[in-house]
Amino acid sequence: MPYLTIVRGPETGRVFEILGQEIWIGRSLECDIHLLDPTVSRRHCRLVREGRRLWLIEWGPANPVRIDGRIVGRCRLRSGARILLGAMELRFTSSHPLRRGGEALKGAL
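Residues numbered from 1 in each chain as written. Predicted model: local features only at pLDDT ≥ 70, side-chain atom pairs only at ≥ 80, totals over all residues. Heavy atoms only, no water.

(A) Looking closely at the pattern of salt bridges. Counting across every chain of the model gives 6 salt bridges. Residue Arg14 pairs with Glu11 through a salt bridge whose shortest N-O separation is 2.8 Å. Taking relative accessible area as the criterion, Arg14 reaches 34% and is therefore assigned partly exposed. Glu50 is the salt-bridge partner of Arg74, the closest N and O atoms lying 3.0 Å from each other. Here Arg74, found in strand 9 (residues 74-76), pairs with Glu50, found in strand 5 (residues 45-50); they are 24 residues apart in sequence, far enough to count as distant. Judged by relative accessible area, which is 41%, Arg74 ranks as partly exposed. When salt bridges that share partners are traced, they join Arg8, Arg82 and Glu89 into one network. (Salt bridge = Lys/Arg side-chain N within 4 Å of Asp/Glu carboxyl O. Buried < 20%, exposed > 50% of the residue type's maximum accessible area, 1.4 Å probe, protein only. Helix = DSSP H or I, 4+ residues; strand = E, 2+ residues; numbered from the N terminus.)

Have a look at this one:
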């Protein structure tokens, strides 16, 4: 099961399990992943599952998303990807961040 971990910003160390076909990320309480950072838009982006692949899709040009330093509109996520939403940074992993290799990853609780 894939996960997102907050590695910089409010709630550093918080881990989200990625369930479902479409997951909205943003400040809005209506989002599946609700982030508490004012630099994140109400609906910043979404994750869409296509088969075994997971794609990140930005909501619009006013909500830029950087993955591994590059601005993207749509990008297939690979384990270890670093996602920047506003001033907040998350890391995508294909397995639980506390179980990989038996060691906790930096930023995970």
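Anyway, onward from the coordinates.
(B) Representation of the sheet that holds strand 2 (residues 15-17). Pairing in this open sheet of 6 strands is antiparallel, and the strands run 2-1-11-10-7-8 from one edge to the other. Strands at the two margins of the open sheet, each flanked by one partner only, are strand 2 and strand 8 (70-72). Across this sheet, the average inter-strand angle for adjacent strands is 30°, counted without regard to direction. Here strand 1 (residues 3-8) runs beside strand 11 (residues 88-93); their pairing, made up of 5 bridges, is antiparallel. Bridge pairing links Arg8 to Glu89 in strand 11. (Pairing = 2+ DSSP bridges. Axes fitted to C-alpha atoms, helices over the stretch in contact; angles between N-to-C directions.)

(C) Quick peek at the state of the cysteines. What the rule picks out here adds up to 0 disulfides. In this model Cys31 remains outside any disulfide bridge; the closest cysteine sulfur is found in Cys45, 8.7 Å from its own. What makes Cys45 buried here is its relative accessible area of 0%. (Disulfide = S-S within 2.5 Å.)

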